[in-house]
Amino acid sequence: MLCFCMLRYVGLIRRWTVFKEKLESSIKKVLEEFEIYDDKIDFKVEIPPEGFGDLSTNVAFILSRILKKNPREIANTICDRLSMEADYSRVEVAGPGFINVDFSIAYLSSVLAEMINAPDFWKTKGDTKIQFEFASANPTGPFTVGHGRQAVFGDVLCRIFSSRGYRVHREMYINDAGRQIGLLGRSLWVRYNQYLGVEEVLPEDGYQGEYLIDIARGLAGEIGERFKGIWNSEIEAFFKKYALDTMLEDIMGTLKRLRVEFDNVFFESSLIDDGTVDSVIGMLDRKELIYESEGARWLKVSSFVEDDDKVLVRSNGSNTYFMTDIAYHYNKHGRGFRKVFDIWGADHMGHIPRMNAAMKALEIEDGFLNVIVHQYVNLKREGEVVKMSTRRGEFTTLDELVEAVGVDSTRYFFAMFDPDTHMLFDIDLARQRSNDNPVFYVQYANARISNVFRTAKEKNVETSRDSLELLDSQEDRRIIKLLTIFPEILDSVVTDYRTNRLTSYLEDLSRAFHGYYNKNIIVDPENPALSGARLALCDAIQNILKNGLELLGVEAPDSM
RNA sequence: GUGCUCGUGGCUCAACGGAUAGAGCGCUGGACUCCGGAUCCAGAGACUGUGGGUUCAAAUCCCACCGAGCACGCCA
């Protein structure tokens, strides 16, 4: 299959892909004329580096292998035929055998006109029901800078998938049923007693962060000495719940300030309470995929994937995280999502094979569960890389970060890295030099355009689509081409989950505009036709900048 | 030890197997009497960790090695 002929867009608007398809079909036609066309000729049409034209193809290289001829020679032959077609203003062979083409200005400006006529041209319609689960956590401490990356990354992916025609359900999973919550409750109880003057020590692997001291103080204010020095299962439950509720409130507040919201918060404990866990165990049992050993119950993971068998139910009768996670995904499947996407930190990578095994064991279709893994954030403070630990209480909270650099910068910063990169966050740099953040560069481009329109209004210069063919400079063409690829950028994010493609794109577009602005007077009352056309171009640019920033959850102020 | 991820100018990061490896920060030198100088233009700065291999073409794919991170629990 030819990779570029996938018709991914449905709609009336002509887009860059249509340009690609146009060149592709032109070439196909030439090959057919020469009777060498074959489905297996997997050539590409792509946007070349600056200075080589509007589009470029490597078809001559592919053919040279088959025909055993010099690629340049083949390119010249194809080039001669393509030159005869209208809509190409230039067709040239370059380098070792690339064929580069330029489109006519009439063709380009007609595309610009369509983008202006339909500002939503870049959106895709659809109603595929999918789910994103992210920012799921042990609610055992405030969110750290590390959680921030996942929260923002997940939120931006949700926004982009929504724009691509998916009905996205956002969910956060709370591990409120495990041993860690028990430790948290006990740690809080110890802090409460310490506050009341009782000498208690934190459990070996308890939570040492100061936030528990603050919570303990608040709790003592509420209930006084009611639980001083007493510990039983009822009190344990109280402290667990109190700690959990307080932490959850804190976390949700942080997320809200970061503009991250969910359609649903799902509690692990509910899967035990409503019997889902038991019924899933029953199903696996009937399939004879569970066996007992050393007092525990194991899933035959090894009969599905390259991994060892794992414990589902401990010898003390409690469920492992793996067990409840299987039940959780069984529940998700039952809710009718076409696909679910789980965003996990790199530390959960080892969990993937066993979950895939569990999906197979439950006969859930391949492709239902998609795990997106991102690397963690290292923090640089006072020139040193610090490792964060919630348990030891050593971390910079997400709230502190947002406070220091602002929501827009925080969001943009997390979105601008390839999720696979082990990013280094220099907190000191972020604090003092927040103006260096590229978010301002993009926002400024948008604000500048708003100002251009204010000026145009003052000077009575009107936006006009009548003379778009005047926009024929290299800079004009570059901007028009950039605008047309916006939908492709979003599609690439949907394909490989790299939100940084969007930030890079917005920076490219902003750079193109800033350069254009410095080189050209946009509002010139002496030249209303050209000014009108340039304002129309600005309108198209601003439409994309505003929508791009909206997808990042970053504000697009009209003045800064 | 095994598996996964990563290694790109001084720093932080880009680059569907393609042309001269791009930006930003920092550094040097320039640009509004004119729509906002949070901008623009120019310059210096890189044998893409090392060594092989595949290809017309490798930062990208394959193998080995070096280095960093993560995971290898009846934690989550």
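Procedures and definitions
- Residues numbered from 1 in each chain as written.
- Chains lettered and ligands numbered in written order.
- Predicted model: local features only at pLDDT ≥ 70, side-chain atom pairs only at ≥ 80, totals over all residues.
- Heavy atoms only, no water.
- Salt bridge = Lys/Arg side-chain N within 4 Å of Asp/Glu carboxyl O.
- Helix = DSSP H or I, 4+ residues; strand = E, 2+ residues; numbered from the N terminus.
- Buried < 20%, exposed > 50% of the residue type's maximum accessible area, 1.4 Å probe, protein only.
- Pairing = 2+ DSSP bridges.
- Axes fitted to C-alpha atoms, helices over the stretch in contact; angles between N-to-C directions.
- Contact = heavy atoms within 4.5 Å.
- Parallel < 35°, antiparallel > 145°, perpendicular 65-115°, else oblique.
- Left-handed = near helix turned anticlockwise from the far one by under 90°.
- Nonpolar A, V, L, I, M, F, W, Y, C, P; charged D, E, K, R; others polar.

Draft legend 1. Region of interest: the pattern of salt bridges. Summed over the entire model, instances satisfying the criterion amount to 34 salt bridges. Notably, a salt bridge pairs Glu85 with Lys29, separated by 3.8 Å at the nearest N-O pair. Here the residue Glu85 occupies a position in the loop between helix H3 (71–82) and strand S3 (88–94), and Lys29 occupies one in helix H1 (residues 16–33), the gap between them amounting to 56 residues. You can call Lys29 partly exposed: its relative accessible area is 46%. For Asp205, the salt bridge goes to Arg179, with nearest N and O atoms at 3.0 Å.

Draft legend 2. Inspection of the sheet that holds strand S11 (residues 339–345) at higher detail. Taken together, five strands build an open sheet; the order of strands is S7-S6-S5-S11-S12 and the sheet is parallel. Bordering the open sheet on either side are strand S7 (264–267) and strand S12 (369–374), each of which pairs with just one other strand. Recorded for the sheet is a direction-independent mean angle of 25 degrees between the axes of neighbouring strands. Looking at chain direction, strand S5 (residues 128–133) and strand S6 (residues 166–174) are connected through six bridges and run parallel. Counterpart to Phe132 in the pairing with S6 is Arg170. Running at roughly 160 degrees to S6, helix H5 (residues 145–163) makes contact with S5, S6, S11 and S12 of the sheet.

Draft legend 3. Molecular detail of the packing of helix H17 (residues 474–484) against helix H19 (residues 500–519). Remark: H17 packs on H19, axes separated minimally by 10 Å, with the N-to-C direction vectors making an angle of 155 degrees. If you check the angle between H17 and H19, you find them roughly antiparallel. Crossing geometry of H17 relative to H19 is assigned as left-handed. Taking contact as the criterion, the partners of Glu475, Asp476, Arg478, Ile479, Leu482 and Leu483 in H17 are, on H19, Tyr505, Asp508, Leu509, Ala512, Phe513, Tyr516 and Lys519. Along the lines of polarity and charge, the residues of the contact of H17 with H19 split into eight nonpolar, no polar and five charged.

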